[in-house]
Amino acid sequence: QVQLVESGGGLVQPGGSLRLSCAASGSIFSISTMGWYRQAPGNQRELVATVTSVGTTNYADSVKSRFTISRDNAKNMVYLQMASLKPEDTAVYYCIAFVRVTEAAPWANYWGQGTQVTVSS
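Residues numbered from 1 in each chain as written. Predicted model: local features only at pLDDT ≥ 70, side-chain atom pairs only at ≥ 80, totals over all residues. Heavy atoms only, no water.

1. Let's talk about the packing of aromatic side chains
Line of reasoning, step 1. In this structure the tally under the stated criterion is 1 aromatic pair.
Line of reasoning, step 2. Arranged with centres 5.2 Å apart and planes meeting at 70°, the rings of Tyr-37 and Trp-111 form a pair that is edge-to-face. Of the two residues, Tyr-37 is situated in strand 4 (residues 30-39) and Trp-111 in strand 10 (residues 108-111); the sequence distance between them amounts to 74 residues.
Line of reasoning, step 3. Over the aromatic face of Tyr-79 sits the side chain of Arg-19, whose NZ or CZ is 4.1 Å from the ring centroid. (Phe/Tyr/Trp six-rings, centres within 6.5 Å; stacked < 30°, edge-to-face > 60°. Helix = DSSP H or I, 4+ residues; strand = E, 2+ residues; numbered from the N terminus. Lys NZ or Arg CZ within 6 Å of the ring centre and 35° of its normal.)

The following block contains the structure:
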């Protein structure tokens, strides 16, 4: 199976920075897009940013120019560098990866367990 494990969440003051990491492991043949979603209490899960295997990125308007997504294909890892954090960025952040477990297998998306990010003074 495939496991995604996030790390790097925590409590930060408004205007501060935080870096999230996500490691994919297990039975992985290849990974295409990786990304981050977030879910605040009472809200639906929403896209934050994605990055393809060749480095093409996509961001939600609310985080453009503040967040940077990157990945290390050799390590099957994706990162989210967050700067100028605002209280409205408070949420559980989830990592997602689109994975094939064999060359013949269909693409399937896998989720991490989530990491809490709290922006508060």
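2. Remarks on the pairing of strand 9 (residues 91-100)
Line of reasoning, step 1. Within strand 9, 7 of the 10 residues are buried, which leaves it mostly tucked inside the rest of the structure.
Line of reasoning, step 2. In this sheet, strand 11 (residues 115-119) lies alongside strand 9 in antiparallel orientation, the contact comprising 3 bridges. Bridge pairing links Val-92 to Gln-116 in strand 11.
Line of reasoning, step 3. Across 4 bridges, strand 9 lies against strand 10 in antiparallel orientation. Among the inter-strand pairings, Phe-98 is bridged to a residue of strand 10, identified as Asn-109. (Buried < 20%, exposed > 50% of the residue type's maximum accessible area, 1.4 Å probe, protein only. Pairing = 2+ DSSP bridges.)

3. A look at the state of the cysteines
Put plainly, two cysteines are in a disulfide when a covalent bond ties their sulfur atoms together.
Line of reasoning, step 1. Summed over the entire model, instances satisfying the criterion amount to 1 disulfide.
Line of reasoning, step 2. For Cys-22, the disulfide goes to Cys-95, at an S-S distance of 2.1 Å. Linking Cys-22 and Cys-95, the disulfide has an S-S dihedral of approximately -80° and is accordingly described as left-handed. A residue pair is termed long-range when its members are at least 10 positions apart, and Cys-22 in strand 3 (residues 18-26) and Cys-95 in strand 9 qualify at 73 residues. In this structure, Cys-22 and Cys-95 share a single accessibility class: buried. (Disulfide = S-S within 2.5 Å.)

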